[in-house]
Structure formats: C-alpha cells, structure tokens
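Reading the structure
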Amino acid sequence: MAKIKPQALLLQSKKKKGPSRISVPTIMLYGLVVAMMVFFLFATYRHWSRRSMIQTHDDLSTTEGDNPFIEHKRSDVDGPKYAFISTSKGLITVELYKDGSPDIVDEFVDFCQKGHFKGMQFNRVIKHFVIHGSKIDKPEATENWTSRGKHYSRLDTSLKHEAFMLGTSKTKHEGGGFDLFITTAPIPDLNDKINVFGHVIKGEDIVQEIEEVDTDDRYRPKTPVQINEVTLKYNT
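These numbers were taken from a predicted model, which means no experiment stands behind them.

1. Describing the overall build of the protein
Each helix and strand counted, the protein has 7 helices and 8 strands in total. Across the 236 residues that make up the protein, the buried fraction comes to 31%. The long-range fraction of contacts in the protein, counting pairs at least 24 apart against all pairs at least 6 apart in sequence, stands at 69%. On the protein, roughly 16,300 Å² of surface is accessible, and the fraction owed to carbon and sulfur atoms is 56%.

Below, the structure is given as structure tokens:
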C-alpha cells in the first residue's frame, strides 16, 4: 500500500471545507423572531393582569351596592343634607344644619321617618314674622302670638337673624310632638324662642304665598294650608 506523503496530506487538509458561518440576515431574522415572542408574552401578561384587576373592582362594587348594611351605615354617618317639605301651596327645599344642630336634626329625621308631618296644618300665619305648623292648636296662645308679632314689627331687624330659617319650639307641647317654624323676616332674639336647624334654599316664594293667606283674628288661616309630606335627601 502506497504511503501518502506529508505534503499531499497538507494539501488535502487545505481543500477540506471549514464550518459554515451564520450570515447577518439570518441573525437579524432570529432576533426578530425572539423579539416578537417576547412582545407577545408581555402583551398576554398585561391583558390578563388588567382583566383580573377590573374583575376584582367590579366584584367589590357589586358587593357594596348589594349590601344594604353598608349603605345604611354610610347614610347614618353622613346624615340627610336636605329636606323637601311638600305643602298644599308647593314644594319648599331646606338645607339642614347637621353640624350646627345635630340633636335637633336627628329628632327631625326621626319624626320624618315616622310620618309625623304628613297632614300637619299651618295653624299660625303671622305676616312679616313666621308661619307655624303644628299638630295642636291652643287658643290661649293667641295673645302671646299677637303681642310678639306687633312687638317685632316695630323693631329694626336689619342686623338680626335672616328670614326663611327653619326651626322648632324650644318648649315642647304635650302631645304635639315636633312643630315647625319658618321665619318670613329677620327676627330678633330668634335663638331664645326657636331651635334653628335649617334654612330654606328653594321655595321662598311658596313660603311667601303661605304668608299672604287670609287669617282670622287669631292668625289662623281661613283656608287650610297643610304639609303633605316631608322627604329627606342623604349625601351621595
């Protein structure tokens, strides 16, 4: 067997092909594929993550909305902000002074929920003074009302309490429950007579229309004027 010379082996080794190199376009293609896969995975993760958050929020909202205890508790804490007094002459809207007179407002709310004011008559209407709604009517109080009305009409009330204030008597009448006063003019020493717990913000014209009704010598309206109902609006 003939031996191959070293020079021949060297020539043959030079003729053998070396390992093929990866071209630049191939590298770019692979890089693009990897980038697309990473982007797809990230987009998928983000989509499901956001969907999970939205679902959790909806579940919480539904739970709170369907739970009357939560709503009732929130209402109890905040308290009603407005009262709507529906009368035979029209609607009077009152803003309640929850912060200034919390106990009186709570008592007023309690009587509202019991339907106390439904059908209550305005049994005293004194022009340039007050309109008064109550469940009772005591004739012996006429002289006091008359003297107070004449007395206040002669006083300078420019720097006194505002008109259209809502209040109730400081002296509770036996069996009369909770009565209502709405002032129709600024009144001196108002806080000495009435517990003020609200202010008319809409329906002043209705108050004035009630004030203008014809009355007898005891300031009782000749034509009955009554409260149909009182509803409350809580904070939202």
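2. Here's the deal with the confidence of the model for the protein
Per-residue confidence for the protein gives a mean pLDDT of 76, with 64% of residues at or over 70. Below a pLDDT of 50 lies the segment residues 149-160, which in the model reaches 14 contacts outside its immediate sequence neighbourhood of four places, other chains included.

3. Looking at the UniProt feature "transmembrane region" (unreviewed entry) in the protein
In the numbering used here, UniProt assigns the "transmembrane region" (unreviewed entry) feature to residues 27-45. End C-alpha to end C-alpha, residues 27-45 measures 27 Å, and it is 100% helix and 0% strand.

4. Things to note about the environment of Gly198
Relative to the helices and strands, Gly198 is located in strand β7 (residues 194-202). Between the C-alpha atoms of Gly198 and Ile104, which are 94 residues apart in sequence, the distance is 9.9 Å. Beyond its immediate stretch of four places on either side in the chain, Gly198 contacts Val94, Glu95, Leu96, Tyr97, Met165 and Leu166.

5. Re the sheet that holds strand β8 (residues 227-234)
Taken in spatial order, the 8 strands of this open sheet run β3-β4-β6-β5-β7-β2-β1-β8, and their pairing is antiparallel. Of all strands in the sheet, those bounded by a partner on one side alone are β3 (121-126) and β8. Put simply, the sheet's adjacent strands are angled 30° from each other on average, direction ignored. Its contacts with the sheet put helix α4 (residues 102-113) on β1 (80-87), β2 (91-96), β5 (165-169), β6 (180-183), β7 and β8, and the angle it makes with β8 is roughly 120°.

6. What to know about the nonpolar core
One broad rule of soluble globular proteins: the nonpolar side chains tend to lie buried together. Ranked by internal contacts, the top residues of the largest apolar core, which has 31 residues, are Ile92, Phe108, Phe117 and Phe197. By residue number, the principal contributor to this core is α4, which donates 6 residues. When near neighbours in sequence (up to four residues on either side) are disregarded, Phe108 contacts Ala83, Leu96, Phe117, Phe178, Leu180, Phe197, Val230 and Leu232.

7. A few points about the pattern of salt bridges
One pass over the full model with this rule turns up 5 salt bridges. Between Lys98 and Asp106 there is a salt bridge, with its nearest N and O atoms 2.4 Å apart. Exposure remark for Lys98: the relative accessible area of 22% places this residue in the partly exposed category. On the basis of relative accessible area, Asp106 is assigned to the partly exposed category, the value being 39%. Lys114 serves as the salt-bridge partner of Asp110, at 3.1 Å between the closest nitrogen and oxygen. The exposure class assigned to Asp110 is partly exposed, which follows from its relative accessible area of 32%.

8. Comments concerning the packing of aromatic side chains
In the structure shown here, the tally under the stated rule is 6 aromatic pairs. Aromatic pair Phe108 and Phe178: ring centres 6.0 Å apart, planes at 50°, arrangement tilted. Here Phe108, found in helix α4, pairs with Phe178, found in the loop between β5 and β6; they are 70 residues apart in sequence, far enough to count as distant. On the basis of relative accessible area, Phe108 is assigned to the buried category, the value being 0%. Looking at Phe178, the relative accessible area reads 0%, which means it is buried.

The rules we used
Residues numbered from 1 in each chain as written. Predicted model: local features only at pLDDT ≥ 70, side-chain atom pairs only at ≥ 80, totals over all residues. Heavy atoms only, no water. Helix = DSSP H or I, 4+ residues; strand = E, 2+ residues; numbered from the N terminus. Buried < 20%, exposed > 50% of the residue type's maximum accessible area, 1.4 Å probe, protein only. Contact = heavy atoms within 4.5 Å. Areas by Shrake-Rupley, 256 points an atom, 1.4 Å probe, with all protein chains shown as cover. pLDDT = per-residue confidence, 0-100. UniProt positions renumbered as here; feature names shortened; annotations may be inferred. Pairing = 2+ DSSP bridges. Axes fitted to C-alpha atoms, helices over the stretch in contact; angles between N-to-C directions. Core = buried A, V, L, I, M, F, W, Y, C linked by side-chain atoms within 4.5 Å. Salt bridge = Lys/Arg side-chain N within 4 Å of Asp/Glu carboxyl O. Phe/Tyr/Trp six-rings, centres within 6.5 Å; stacked < 30°, edge-to-face > 60°.

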